[in-house]
Amino acid sequence: MTDRRLLLVHAHPDDETIGTGATMAKYAAEGAHVTLVTCTLGEEGEVIPPELAHHAADRDDTLGPYRIGELAAACKALGVTDHRFLGGAGRWRDSGMMGGAANDRPGCFWRAGLDEAAAELVKVIREVRPQVLVTYDENGFYGHPDHIQAHRVSRRAFELAADPGHPGGRPWRVAKFYCTAMPRSVLRRTAETMRETLVDFWVPDSVEDLPACPDADVTTEIDARPYVEAKIDAMRAHATQIAVDAPWFALSNNIGQQILGVEHYILRAGVPGPPGLGVPPEAGGIGEPYNRESDLFAGIG
């Protein structure tokens, strides 16, 4: 397939790299047009390094603008040249973690009108005309309000973009709608590897309560291992949010995670393509049965 166009919608700077960085780098390197839409500036993020603590949200309001620069550096590392903030930089603010005071702050993304935010994304969809859209699942992967809202806005825009009666340019039907996924077996295996390696980050005794999905739910497995170094570079660009000790990383909670070159997705709308060869567990895949797509564009003519 020629002229492949991929659109990813993420809530904050750094989300794109953690969950989909290797995928983005792979498709960009292969010549696909990769567009990233980020919904907020991540103003409520917790700053990890002491030397950058002056950007913390409870001190002043410089973290969001600073993270714009981090995101630009990460996109450069991934080879992504088309990045936009939904509605423009700062249109909606980071809502903080679920139940926090920032959830009620005027202008936060969690409180955004669904159709208003979706209309901004429709403009991007109709301009870029992607065949594939990627975002989070209905629970925002781990329950963050901005991730949940990113799913709602993306799903609504996916529908509205194809509606001839909706304003904002020529209608466009996105062929496939994906949600990011972390298979339970992959999470277990990476935790076991970290325990054996004695990494400096904290590794929980059990990962059963951490966000993950049943292996059987995963429809698509992208083997982007040749691009894991680009993902590592992009993670290092997000210095306020990610501590990197390759091949491991941690966020502000200091829970160790492996930097994965194989990334997983669940097709929520569209027709699945034929299965690929699959990636064995020791290489970062789920393993048998090898019945999953190996290309987000699989089956699109």
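What this report covers is the structure whose coordinates are included nearby. This one's a predicted model, so the numbers in the text were calculated from it and none came from an experiment.

With respect to the packing of helix H2 (residues 63-78) against helix H7 (residues 228-237)
Argument step 1. Packing of H2 against H7 brings their axes to within 8 Å, and their N-to-C directions diverge by 170 degrees. In this view, H2 runs roughly antiparallel relative to H7, as classed from their interaxial angle. For the pair H2 and H7, contact is made by Glu70, Ala73, Ala74, Ala77 and Leu78 and by Ala230, Lys231, Asp233, Ala234 and Ala237, respectively.
Argument step 2. For the contact of H2 with H7, the per-class residue count stands at 7 nonpolar, no polar and 3 charged.

Quick notes on unusual backbone geometry
Argument step 1. Along the chain, Ala246 connects to Pro247 via a cis peptide bond; the corresponding omega equals 10 degrees.
Argument step 2. Within the element layout of this structure, Pro247 appears in the loop between strand S7 (243-245) and strand S8 (248-250).
Argument step 3. Following Glu288, the chain continues into Pro289 via a peptide bond in cis, with omega recorded as -5 degrees.
Argument step 4. Mapped onto the secondary structure, Pro289 falls in the segment after strand S10 (262-269).
Argument step 5. With a phi close to 70 degrees, Phe141 is a non-glycine residue in the positive phi region.
Argument step 6. Relative to the helices and strands, Phe141 resides in helix H4 (residues 140-143).
Argument step 7. Taking the relative accessible area as the measure of exposure, Phe141 reaches 31% and is therefore partly exposed.
Argument step 8. Unusually for a residue other than glycine, Asn254 sits at a positive phi of about 65 degrees.
Argument step 9. Accessibility expressed as a relative area gives 36% for Asn254, which makes it partly exposed.

Topic: a nonpolar patch on the surface
Argument step 1. A cluster of nonpolar residues, Met97, Phe141 and Tyr142, forms a patch on the protein surface that exposes about 280 Å² of accessible area.
Argument step 2. By the element assignment, Tyr142 lies in helix H4.

Here's the deal with the nonpolar core
Argument step 1. Core analysis: the largest hydrophobic core is formed by 30 residues, its most contacted members being Leu6, Tyr27, Val34, Val132, Val134 and Leu296.
Argument step 2. Only strand S1 (5-10), helix H1 (15-29), strand S2 (33-38), H2, strand S4 (132-135), H7 and S10 provide two or more residues apiece to this core.
Argument step 3. At 5 residues, H1 tops the list of elements feeding residues into this core.
Argument step 4. Counting residues in each nonpolar core, the second largest holds 29 residues, with Leu7, Val9, Leu121 and Ala269 among its members.

Overview of the sheet that holds strand S9 (residues 257-258)
Argument step 1. Strand order across the open sheet formed by 3 strands is S7-S8-S9, with antiparallel pairing between neighbours. The open sheet terminates on both sides in strands that have one partner only, identified here as S7 and S9.
Argument step 2. As paired elements, S8 and S9 share 2 bridges and run antiparallel to each other. When the sheet's bridge partners are listed, Phe249 is paired in S9 with Gln257.

What about the pattern of salt bridges?
Side chains carrying opposite charge are able to pair once their charged atoms draw close together.
Argument step 1. Under the counting rule described, the total for this entry stands at 17 salt bridges.
Argument step 2. The salt bridge partner of Asp3 is Arg5, with a shortest N-O separation of 2.4 Å.
Argument step 3. Between Lys26 and Glu30 there is a salt bridge, and its shortest N-O distance comes to 2.8 Å.
Argument step 4. Judged by relative accessible area, Lys26 falls into the buried class, the value being 13%.
Argument step 5. Put simply, Arg4, Lys26 and Glu30 are held in one network by salt bridges that share partners.

What to know about the packing of H1 against H2
Argument step 1. Between H1 and H2, the least distance of the axes is 9 Å, while the angle of their chain directions is 40 degrees. Here H1 is positioned oblique relative to H2, judged by the angle of their axes. Residues Glu16, Thr17, Gly21, Met24, Ala25 and Ala28 of H1 form the contact with H2, whose participating residues are Leu71, Ala74 and Leu78.
Argument step 2. For the contact of H1 with H2, the class distribution of residues is 6 nonpolar, 2 polar and 1 charged.

Concerning the environment of Gln149
Argument step 1. Along the chain, the position of Gln149 falls in helix H5 (residues 145-160).
Argument step 2. With 26 residues separating them along the chain, Gln149 and Lys123 place their C-alpha atoms 18 Å apart.
Argument step 3. Contact partners of Gln149, with chain neighbours within four places excluded, come to Phe109, Trp110 and Ala112.

Focus on the sheet that holds strand S5 (residues 176-181)
Argument step 1. On the basis of which strands lie adjacent, the open sheet formed by 7 strands has the order S3-S2-S1-S4-S5-S10-S6 and mixed pairing. Strand pairing shows two members of the sheet lacking a second neighbour, strand S3 (82-85) and strand S6 (220-223), which therefore form its edges. Between one strand axis and the next, the sheet turns by 25 degrees as a mean value, whatever way the strands run.
Argument step 2. Two strands pair when backbone bridges link them, and S6 and S10 are joined in this way by 4 bridges, in the antiparallel orientation.

Rules used in this analysis
- Position labels on residues start from 1 in each chain and follow its written sequence.
- Predicted model: local features are reported for residues with pLDDT of at least 70 only, side-chain atom pairs are reported and counted for 80 or more only, and whole-chain, interface and lining totals are derived from all residues.
- Calculated side-chain values reflect all of the structure's heavy atoms, with hydrogen atoms and water omitted.
- Note on geometry: axes are C-alpha line fits, over the in-contact stretch for helices, and angles between N-to-C directions span 0 to 180 degrees.
- A run of H or I in DSSP counts as a helix once it spans at least four residues, and a run of E counts as a strand once it spans at least two, with each numbered from the N terminus.
- Orientation labels follow simple angle bins: below 35 degrees gives roughly parallel, above 145 gives roughly antiparallel, 65 to 115 gives roughly perpendicular, and whatever is left gives oblique.
- Whether two residues touch is decided by their heavy atoms; if any such pair falls within 4.5 Å, the residues are in contact.
- Under the scheme applied here, ten amino acids are nonpolar (Ala, Val, Leu, Ile, Met, Phe, Trp, Tyr, Cys and Pro), four are charged (Asp, Glu, Lys and Arg), and all others, including Gly, are polar.
- Buried residues are those whose accessible area, probed at 1.4 Å on protein chains only, stays under 20% of the maximum for their type, while exposed residues exceed 50% and partly exposed ones sit between those limits.
- Patches were defined on residues exceeding 30% relative accessible area and lacking a salt bridge, with like-charge contacts within 9 Å and nonpolar side-chain contacts (Val, Leu, Ile, Met, Phe, Trp, Tyr) within 5 Å.
- Note on areas: Shrake-Rupley with a 1.4 Å probe; residue coverage comes only from the protein chains shown.
- A carboxyl oxygen of Asp or Glu within 4 Å of a side-chain nitrogen of Lys or Arg is what we treat as a salt bridge.
- Nonpolar core, defined: a set of buried Ala, Val, Leu, Ile, Met, Phe, Trp, Tyr and Cys residues in which side-chain atoms within 4.5 Å join the residues together.
- At least two bridges found by DSSP between two strands are what make those strands a pair.

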